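The residues making up each chain are set out below.
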Amino acid sequence: MGGLGFGERLLRFVFVGPDRRMLKVLSDVPVPRTPDRALIGDLVSTLGELLAKTDDGTTVAFLLTRPGVGAITDVDRRWSSLLTKTAAELGVPIEPVCRANDEQLVLVEPT
């Protein structure tokens, strides 16, 4: 991924195989500051369709990147919650959601 420091908000994602290795390169999509249900619904649905063509035990890992410094924010938690809830509703297995800003990479527990 490289060093920390981000000029825009991105939701990065990658498939993780049953052997715990990344299957493809990290992909990303620009996202707004606040969680967007329609965007996440469409993305997770599409990822679920692709996941259905992979080996059992494959999951999706998400990393929310954004500029700035500081601790986990309410908005970070809302993103994590939306991703986690949407994936559960659509039956898409995901890894815990992480967030990276200009100073740290952290796990973001959903609310």
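Structure's up top.
All of these numbers come straight from a predicted model, not from anything done at the bench.

Rules and cut-offs
- Residues numbered from 1 in each chain as written.
- Predicted model: local features only at pLDDT ≥ 70, side-chain atom pairs only at ≥ 80, totals over all residues.
- Heavy atoms only, no water.
- Helix = DSSP H or I, 4+ residues; strand = E, 2+ residues; numbered from the N terminus.
- Rg over C-alpha atoms; globule rule 2.2 N^0.38 Å.
- Buried < 20%, exposed > 50% of the residue type's maximum accessible area, 1.4 Å probe, protein only.
- Areas by Shrake-Rupley, 256 points an atom, 1.4 Å probe, with all protein chains shown as cover.
- Lys, Arg positive; Asp, Glu negative; His and termini not counted.
- Charge placed at Lys NZ, Arg CZ, Asp CG, Glu CD.

### What about the overall build of the protein?
Here is step 1: Looking only at helices and strands, one finds 2 helices and 5 strands in the protein.
Here is step 2: Listing every helix and strand of the protein by position from the N terminus yields β-β-α-β-α-β-β.
Here is step 3: Compactness check: the protein gives a C-alpha radius of gyration of 13 Å against a globular reference of 13 Å for 111 residues, within 12% of the reference.
Here is step 4: Summarising its shape, the C-alpha atoms of the protein cover approximately 40 × 30 × 20 Å along the three principal directions.
Here is step 5: Relative to its full complement of 111 residues, the protein shows a buried share of 38%.
Here is step 6: Of the roughly 6,200 Å² that the protein leaves accessible, carbon and sulfur atoms contribute 54%.
Here is step 7: Looking at charge distribution, the protein has the averaged site of its 13 positive side-chain charges lying 3 Å from that of its 15 negative ones.

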